[in-house]
Protein chains: 2
Amino acid sequence: MTDLDAYGSDSVLDSADLDRLVDYWNAANYLTVAQIYLLDNPLLRRPLSREDVKPRLLGHWGTSPALNLIYAHLNRLVRHSGQDVLYVAGPGHGGPALVANTYLEGTYSEIYPGVSKDEAGLRQLVRRFSTPGGIPSHVSVPTPGSIHEGGELGYALIHAFGAAFDHPDLLVAAVVGDGEAETGPLEGSWKGVDFLNPAHDGAVLPILNLNQYKIANPTVLGRLPRQQVTALFTGHGYDVLWVEGDDVPAVHRAFDAALRTAYTRIREIQRAARAPGAVITEAPIWPMIVLRTPKGWTGPHEVDGILVEGTFRAHQVPLAHVRDNPAHLAQLEAWLRSYQPERLFDKEGALIAELAALAPSGSSRLGSSSYANGGRRTEALRLRDWRTYAIDVDPQARGSQLHEPTRRLGRLLADAYRDNPSTFRVFSPDELASNRLDAVLDVSDRCLVAAIDPRDDRVSPNGRVMEVLSEHLCQGWLEAYTLTGRHGLFATYEAFAMVSASMLIQHTKWLQEASRLAWRAPVPSLNVLLTSTCWRNDHNGFSHQGPGLLDTVVPLSPGVVRVWLPPDANTLLSVADHCLRSHDHVNLIVADKQPHHQYLTAGEAAEHAARGGSVWDWAGTERTLRRDADIVLAGIGDVPTMEILAAAELLHTFVPDLAVRVVNVIDLMALLRSDLHPHGFSSAMFRALFTDSTDVIVGFHGYSRGIHQLLHGRPNADRFHVRGFMEQGTTTTPFDMVVRNQVSRYHLAQLALEFARVTPAGSDRLVSYCQDQLARHHAHIIEHFEDLPEIRDWTWANQPS
Amino acid sequence: MTDLDAYGSDSVLDSADLDRLVDYWNAANYLTVAQIYLLDNPLLRRPLSREDVKPRLLGHWGTSPALNLIYAHLNRLVRHSGQDVLYVAGPGHGGPALVANTYLEGTYSEIYPGVSKDEAGLRQLVRRFSTPGGIPSHVSVPTPGSIHEGGELGYALIHAFGAAFDHPDLLVAAVVGDGEAETGPLEGSWKGVDFLNPAHDGAVLPILNLNQYKIANPTVLGRLPRQQVTALFTGHGYDVLWVEGDDVPAVHRAFDAALRTAYTRIREIQRAARAPGAVITEAPIWPMIVLRTPKGWTGPHEVDGILVEGTFRAHQVPLAHVRDNPAHLAQLEAWLRSYQPERLFDKEGALIAELAALAPSGSSRLGSSSYANGGRRTEALRLRDWRTYAIDVDPQARGSQLHEPTRRLGRLLADAYRDNPSTFRVFSPDELASNRLDAVLDVSDRCLVAAIDPRDDRVSPNGRVMEVLSEHLCQGWLEAYTLTGRHGLFATYEAFAMVSASMLIQHTKWLQEASRLAWRAPVPSLNVLLTSTCWRNDHNGFSHQGPGLLDTVVPLSPGVVRVWLPPDANTLLSVADHCLRSHDHVNLIVADKQPHHQYLTAGEAAEHAARGGSVWDWAGTERTLRRDADIVLAGIGDVPTMEILAAAELLHTFVPDLAVRVVNVIDLMALLRSDLHPHGFSSAMFRALFTDSTDVIVGFHGYSRGIHQLLHGRPNADRFHVRGFMEQGTTTTPFDMVVRNQVSRYHLAQLALEFARVTPAGSDRLVSYCQDQLARHHAHIIEHFEDLPEIRDWTWANQPS
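Each chain carries its own residue numbering, running from 1 in the direction its sequence is written. For this description, chains carry letters from A and ligands carry numbers from 1, given in the order in which they are written. With pLDDT at 70 or above as the cut-off, local features in this predicted model cover only qualifying residues; side-chain atom pairs require 80 or more to be listed or tallied, and sums for whole chains, interfaces and linings still use all residues. As a rule here, side-chain values come from all non-hydrogen atoms in the structure, and water together with hydrogens is ignored.

A.B. asks: How do you make sense of the overall build of chain A when you look at a structure like this?
C.D. replies: Secondary structure elements follow DSSP: runs of H or I of four or more residues count as helices, runs of E of two or more count as strands, with numbering from the N terminus. Of regular secondary structure, chain A possesses 28 helices and 22 strands. We compute the radius of gyration from the C-alpha atoms alone; for a globule the expected value is 2.2 Å times N to the 0.38, where N is the number of residues. Taken over the C-alpha trace, chain A has a radius of gyration of 30 Å; the compact-globule value for 801 residues is 28 Å, and the two agree within 12%. Counting only C-alpha atoms, chain A reaches 95 × 65 × 45 Å along its principal axes. Per-residue burial for chain A yields a buried fraction of 71% across its 801 residues. Using a 1.4 Å probe, accessible areas were evaluated by the Shrake-Rupley method; residue-level cover was limited to the displayed protein chains. As displayed, chain A has an accessible area near 23000 Å², and 50% of this comes from carbon and sulfur atoms. Exposure is judged per residue with a 1.4 Å probe applied to protein chains only, and the accessible area is read against the type maximum: over 50% gives exposed, under 20% gives buried, and values in between give partly exposed.

Structural data, given as structure tokens:
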């Protein structure tokens, strides 16, 4: 039997253990090289010929030997301790290393039976690596045991901590390359330990592979004096264990000792924190390992007389001209044979039993960890009926109440915390209270594993509300939290969601690819609440005004991307309930935090959200006039919807004979044709909302052309006249924001008259009125620094019908 | 006279100095509070009434006292040493502090004469702060002396180092808040010292204001044990000078001593490095100051019985209900009067002479620094005639040569390094050689201020080519390098440009706002080369494939944004030459690094780029057939242009009677109407390219809907059928990438037949041929892992006319 705490003391590596471990490592290194180079002859049962070599050589050798070494030692840790381990490979270019190891341990063949544990399977393995129709060259979605794509660098530790939160039985071994260690997000992620509670969270063991070179340059950390590196990580809160060298047995012995020391300390920290009555008063000093080994270790030392091993030249494919250069071919064969594959694999081509026994078995294998296939661990989120939090809207007095929509959402989230005490978290860059979501703090404190001061407000090491001033950490922690099977929400100022936009893109790519793999179970969606939006960052100014994330996600996978713009609190609640229950999506929800008018009853909100868009008869005049619309007004987003409704009211007042239809769209992607997006309105539905030919005035939350790109291909798309954010902003008043961007009621009403099918009596008066009001606004705002009183106090009261 | 080295020894603060300094600080604090609260009565010459208070209170008090303290001490340093100092305020919410100081020193009134140095001017000052039509609440473009917008946090140190490069006489004092210190980009930016050459660069003095709280939470750094903070910054390469406390004179004295120590060390480092024969062999240990003072220091200690000073509650407006709550009003008055304005300002309302003398004069004032108005320092970039680097294209054999376009660009950049030895730099995330720009290394090494190893390739402390594995650093260093008057290029993998997309947005906003201020001189453009594009990251896989930055920038300011997609090397050279000479723009240049066909002579390339788009008669059949086009084929971007040309060739071969026009667009924004973008094609030009009604098949580099949004409003926009990146990718072959995204020649040729005005003889044969070729491709790629030979070896040889 294994014993979580036995590993440290009872498992010292003896000389026979060491030999076997090195052999296992050799097998992994061998398969790594084989994947990069070979098409055939995977065990070198015959002399290597140029036909055995791929026509195009892709892959990254440099980082792989270290990734293989770490994997072999983690196998040993798992076998001796029974510890659940998740391997996060930051140097994701080392795809072949992770594939090799999951093959050696048997996981790969179980998931991909065509890649069997024999010579035929090995031939398949090498052929599929980095080839069209095969598997990508980086650690990626098809790699068993991974939640972390190799490619865009910087997120390994972020993902490691996100996976460890609320997984007390998990140890995440996070390998960090010294190249990616230069990125901002990675440097910002060491502080995860200040948010990791040793009692209810798992552990993260960072292993920095200091191989000293990146693609073409020395790394910054690789060139710092050793004591400076130690100081840096001491400052980040770690106890640094160094393992250095290029002597194979010595490094393996040293790494074994460091890993045992690290694991023993982790267990001590956890035992202390988990003892009855234990109180955490400061961040524990967690261990980390710095592994300083040559880049491309055990690979070609020199090529064509130039030093390769231990330099940046080992980064990718050290021997690049194998097919055309017999000397390179010979050197490749010698390199491959240096691992003695004939000793490592049996007659059938399977790893010899003595070595196969070094891997853990079943779901203990790193490649088979359910943590890396989080859908298998996911429990449905327990959510109460969202109508509990709904606002009671009287259909006879729509718009008469002002509420902060996100404050209602906060209550829903608070109950989600109550009912899912270890599978739900909210992540925010220090804006939770600002964004009116602070009801969650009635259930759980903010998390900070540090000495707490009486001046702090609901902060504690036991808190599970995650506030850190880093969009990268919030986004990435949630990514990993959901990929390992839990639920959550990232709430952020709309403009600053762009800070982590590239991460959102990569996560969308991950979900898109995962949906193609049956063995990857669906995981909870990544939910992003964009609030404090461009329209209502009037107090903070231009840098805080930017709806650009919509434009970033709209072109991405239609199978993954969902964008919601609820116009009021009840629709926000309905949408949030839907999103929090969903799987495999990236849900953007755009909803402001300031007081807004409330339009729909809970029942109507549910229907509206499910449909994606509706005609709001109560706001139009088609029914009263018993005539089809002369003009359609469509609102998309909370503030523009308010302006659209106010414009409809103006039209009703001044030009009562004009047949006006008011439409609201809540599901942005529904504007796309249904063959382009699963949520796309059918042609019939689109026609029912917008007719085929009547002009449509759209007030949109984001950049107006974002709507035009979606509407392309719809009937007479030219008839849509969209006003949205025109990149005009500053510190000003809310109404001035819509004026500056020409989406005010006065702009929209005039636009409606311009494009209506008829010119009703009263048009001139309305145009004059609008122009006067705009002129008054400009005069008033300069003098009084506030919105016109009639705007400030406007409510949707004079319902036209 | 001042003496750069005298400050340390000769300027010890005596007790009278201290009193004056504290008074100056009080004046700045007073004006800070006045800006946040007052509409009128700026010197409290009468009792404060509710009418004196703004109807809406905006601004950030918490960080301001520290910003004011630092400013006052830097004034003293400048006066005593004559040192050129640039003040970068990371806690940008402290806008009123910087405004107050630039007013006290006189800069503000010189730039904005309406804000005169008297009571009337003071009234203007407080009225314009954070009000519509006034100035934003953050440090922003209208703030004299600033190159750094307050708002999106994390870039203060990045901008500081970017400003210091190649400015040997400059000291950048960079104030970092402990909130923003949590962001990834900020944490990643301390390593600037490893790239700062004390001989030819200036100095950066980071001042961390550890006020321990952010909006609602304690900061991570604020809660770490002191020795851990010291270890962290020691690890980053700094010598930490601590200044702590809340006793006013004691803190001022301590800060004075720390600043003198820091400055003395900086001068020692510089003297040593600048001595004749000096060789730099490692990064010097630069000083930094940690200033640990209470948040909202000197403000209300308690409000309504709740502690405010020294807590997160001091972050914004400590007294929030002044107009409605007489007790708050009284407390505000007491707070304002605590600074004794009657002692600080004279009868006219000007700062008393004794205090005014504490500020430096003329261009030595921090607010008047030419470094912060870099256009005033800008020298034109010396560029040789780009035709020197051009490829000799034979108009009779277009497309017969393959060249790596960026390699040619590398030669141009190399000469730019030669001819502008201290005003031009290239920034790259370790991809310079990968992106074929390594010719610059023949002129200048890569920069790393560290011990150099024989294994390194052209790396040196004296190098001025900037390679660091951080898009944030590359982008932000270049931002500041250009804002302070120098020229440069950020070259990056296209997909990973998204990592710093939010910075690009903020820089675009900066340039947009700066263009409205006559006193801000035009600065060199920010040039971004997007290479290793989605189409040719076939080797790296899906994570490396993403053209999304185009969608990010297209909605931004038309006055600033320029997007170029040169189809070959000569057009790239022409565009690069144009962009490098331009001012006040954000230029995106999308050009792949792999071998591509060459189409245009240098002369044609120049004309094509200047026009923005052209009909390529030589590739179409209109002339031969003497008939207007039945179909237009348009290429935008290098790979899609190749596929468009190959499709035209197929059409010519199979359906010679079809009149085909081939168009190429190089200037993406020219697709917008000319009333929407200064580069927009006139209606006549648009018609000349695309006709009014003929269908157009577009092969586009980016997401196809990006084109539709630009075309909205053009005649019959529905006739444009765009194929672009459809978010389909993996590790595969180049041709498979265009097949997966349906933009291959076989897709485009079939699309042309589908939408052509006529159905020419041979259409069926061509459709069959295309379908066969696609079927063969799929079979071939699985078997051979490479492109079909006829694709691989295709050249634009069979010119139709």
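A.B. asks: Is there a simple way to explain the interface of chain B and chain A in this structure?
C.D. replies: Quite often, the size of an interface is put as the accessible area lost when its parts meet. Each side of the interface is counted separately: chain B has 121 residues, and chain A has 121 residues. The term buried area refers to how much accessible surface (probe radius 1.4 Å) is lost by two components on association, counted for both of them together. Buried surface at the junction of chain B and chain A, both sides included, amounts to about 9800 Å², of which 55% is carbon and sulfur. On the chain B side of the interface with chain A, the three residues burying the most area are Arg455, Arg705 and Phe785 of chain B, jointly 9% of the side's total. Think of a salt bridge as a Lys or Arg side-chain nitrogen and an Asp or Glu carboxyl oxygen that are within 4 Å of each other. Connecting chain B to chain A are eight salt bridges. For the salt bridge of Asp456 of chain B with Arg223 of chain A, the shortest nitrogen-to-oxygen distance reads 2.5 Å. Pairs of N or O atoms are called polar contacts if they sit within 3.5 Å, as long as, within protein, a hydrogen donor faces a hydrogen acceptor (for residues adjacent in sequence, only side-chain-to-side-chain pairs). Linking chain B with chain A are 57 residue pairs in polar contact (both at pLDDT 80 or more). Those elements giving two or more residues to the side of chain B that touches chain A turn out to be α8 (184-187), α9 (220-223), α10 (226-236), α17 (501-514), α18 (549-553), α24 (705-711), α25 (734-740) and α27 (763-784) of chain B. At seven residues, α17 of chain B tops the list of elements feeding residues into the side of chain B that touches chain A. Throughout, a residue-residue contact means that at least one pair of heavy atoms, one from each residue, lies within 4.5 Å.

A.B. asks: How should I be thinking about the pairing of strand β2 (residues 170-177) of chain A in this particular structure?
C.D. replies: Remember that side chains alternate between the two faces of the sheet whenever the strand is regular. Residue and element names in this part refer to chain A. For β2, the tally of buried residues reaches eight of eight residues, placing the bulk of the element in the interior. Of the two faces of β2, the one holding Leu170, Val172, Ala174 and Val176 and the one holding Leu171, Ala173, Val175 and Gly177 are both buried throughout. As judged from the six bridges shared by strand β1 (residues 84-89) and β2, these two strands associate in the parallel manner. Counterpart to Asp84 in the pairing with β2 is Leu170. The pairing of β2 with strand β3 (residues 203-209) spans seven bridges and is classified as parallel. Its bridge partner lying in β3, Leu171 is registered against Ala203. For two strands to count as paired, DSSP must find a minimum of two bridges between them.

A.B. asks: How should the packing of aromatic side chains be read in this particular structure?
C.D. replies: The geometry of two aromatic rings is summed up by the distance between their centres and the angle between their planes. All names here are of chain A. The aromatic pairing rule takes the rings of Phe, Tyr and Trp, using the six-membered ring of Trp, and pairs them if the centres are within 6.5 Å, calling planes under 30 degrees apart stacked, those over 60 edge-to-face and the rest tilted. As enumerated under the stated definition, the model contains 52 aromatic pairs over all chains in all. A centroid spacing of 5.7 Å and a plane angle of 45 degrees characterise the contact between Tyr599 and Trp616, whose relative ring orientation is tilted. Remark: Trp616 occurs in the loop between β18 (613-615) and α21 (622-625) and Tyr599 occurs in the loop between β17 (596-597) and α20 (602-611); sequence separation between them is 17 residues. Taken individually, Tyr599 and Trp616 each receive the classification buried, so the pair is uniform in this respect. A ring is scored as having a charge over it whenever the NZ atom of a lysine or the CZ atom of an arginine sits within 6 Å of its centre and within 35 degrees of its normal. The side chain of Arg128 reaches across the aromatic face of Tyr112, ending 5.2 Å from its centre.

A.B. asks: Can you walk me through the relation of the copies chain B and chain A in this structure?
C.D. replies: Superposing the two chain copies requires a rotation about an axis and a translation along that axis. Mapping chain B onto chain A leaves a residual RMSD of 0.0 Å; the transformation is a rotation of 180 degrees accompanied by 0.0 Å of translation along its axis. The transformation just described matches what one would write down for a two-fold rotation axis. Of the residues that chain B buries at the interface, 100% are likewise interface residues in chain A, meaning the two copies contact each other through the same surface. C-alpha atoms of residues with pLDDT of at least 70 in both copies form the basis for the least-squares superposition of the copies.

A.B. asks: Hey, could you run me through the packing of helix α2 (residues 15-37) of chain A against helix α12 (residues 326-337) of chain A in this one?
C.D. replies: Axis angle and axis distance: for two packed helices, these are the angle between their axes and the distance between the axes, and together they describe the pair. Residues and elements named next belong to chain A. Orientation is described by lines fitted to C-alpha atoms, with helices fitted over the stretch in contact, and by angles between N-to-C directions that extend from 0 to 180 degrees. In the contact formed by α2 and α12, the axes pass within 9 Å of each other and the chain directions differ by 150 degrees. Relative to α12, the element α2 is oriented roughly antiparallel. Here Tyr30, Val33, Ala34 and Tyr37 of α2 lie close against α12, whose contacting residues are Leu332, Trp335 and Leu336. Residue classes follow a fixed rule: Ala, Val, Leu, Ile, Met, Phe, Trp, Tyr, Cys and Pro count as nonpolar, while Asp, Glu, Lys and Arg count as charged, and any other residue, Gly among them, counts as polar. For the contact of α2 with α12, the class distribution of residues is seven nonpolar, no polar and no charged. For classification, angles of less than 35 degrees are called roughly parallel, those exceeding 145 degrees roughly antiparallel, those between 65 and 115 degrees roughly perpendicular, and all remaining angles oblique.

A.B. asks: Help me understand the confidence of the model for chain A, please; the structure alone is not making it clear to me.
C.D. replies: Do not read the fine detail of predicted coordinates wherever pLDDT is low. Looking at chain A as a whole, the pLDDT averages 95, with 98% of positions reaching at least 70. Across the assembled chains, the prediction reports ipTM 0.97 with pTM 0.98. The pLDDT value expresses, per residue, how confident the predictor is, ranging between 0 and 100.

A.B. asks: What is the right way to look at the sheet that holds strand β12 (residues 466-467) of chain B in this model?
C.D. replies: Consider a sheet: its strands pair through backbone hydrogen bonds, and that pairing is either parallel or antiparallel. Residues and elements named next belong to chain B. Taken together, six strands build an open sheet; the order of strands is β12-β9-β13-β14-β16-β15 and the sheet is parallel. Every interior strand has two partners, whereas the edge strands, β12 and β15 (561-564), have only one. In the sheet, strand β9 (residues 424-428) pairs with β12 via two bridges, with the strands oriented parallel. Each residue of the ladder has a partner; that of Ser428, found in β12, is Glu467.

A.B. asks: Sorry, what's going on with the sheet that holds strand β14 (residues 526-531) of chain A here?
C.D. replies: All names here are of chain A. Ordered in space as β12-β9-β13-β14-β16-β15, the six strands form an open sheet in which the pairing is parallel. In this open sheet, the two strands that pair with only one neighbour each are β12 (466-467) and β15 (561-564). Sheet contacts for helix α19 (residues 569-581): β9 (424-428), β13 (487-493), β14, β15 and β16 (586-590); angle to β16, the most-contacted strand, approximately 165 degrees.

A.B. asks: Could you clarify how one ought to interpret the pattern of salt bridges in this entry?
C.D. replies: Between side chains of opposite charge, a pair can form as their charged atoms come close. Under the defined criterion, the tally for this structure stands at 99 salt bridges over all chains. Each of Asp17, Arg20, Arg76, Asp256, Arg260 and Glu354 of chain A takes part in salt bridges that share partners, so that together they form one network.

A.B. asks: Sorry if this is basic, but what is going on with unusual backbone geometry here?
C.D. replies: Glycine aside, negative phi is the norm for most residues, and most peptide bonds take the trans geometry. Phi at Glu727 of chain A is positive, roughly 65 degrees, even though this residue is not glycine. Note on placement: Glu727 of chain A falls in the loop between β22 (720-723) and α25 (734-740). A positive phi is found at Ser130 of chain B, a non-glycine position, where the angle reads about 60 degrees. Tracing the backbone shows Ser130 of chain B in the loop between α6 (119-128) and α7 (156-164).

A.B. asks: Got a minute to help me understand helix α23 (residues 683-690) of chain A in this structure?
C.D. replies: Side chains that are three or four residues apart share a direction in an α-helix, a result of its 3.6 residues per turn. If you check which residues of α23 of chain A are buried, you get Met685, Phe686, Leu689 and Phe690 of chain A. Mapping the buried residues of α23 of chain A onto a view down its axis gives an arc of 110 degrees, with all of them on the same face. The directions considered for the arc are those from the helix axis to the C-beta atoms.

A.B. asks: I'm lost on the packing of helix α3 (residues 64-81) of chain A against helix α11 (residues 248-274) of chain A in this one. Help?
C.D. replies: Residues and elements named next belong to chain A. Running from amino to carboxyl end, α3 crosses α11 at an angle of 45 degrees, the nearest separation of the two axes being 11 Å. With respect to their mutual orientation, α3 and α11 come out oblique. Of the two possible hands of crossing, α3 and α11 adopt the one that is right-handed. Judged by residue contacts, Leu69, Ile70, His73, Leu74, Arg76, Leu77 and Ser81 of α3 engage Val251, His252, Phe255, Asp256, Leu259 and Tyr263 from α11. Of the residues that constitute the contact of α3 with α11, the class distribution is eight nonpolar, three polar and two charged. Helix crossings are classified by the rotation of the near helix relative to the far one: an anticlockwise turn of less than a right angle makes the crossing left-handed, while a clockwise turn makes it right-handed.

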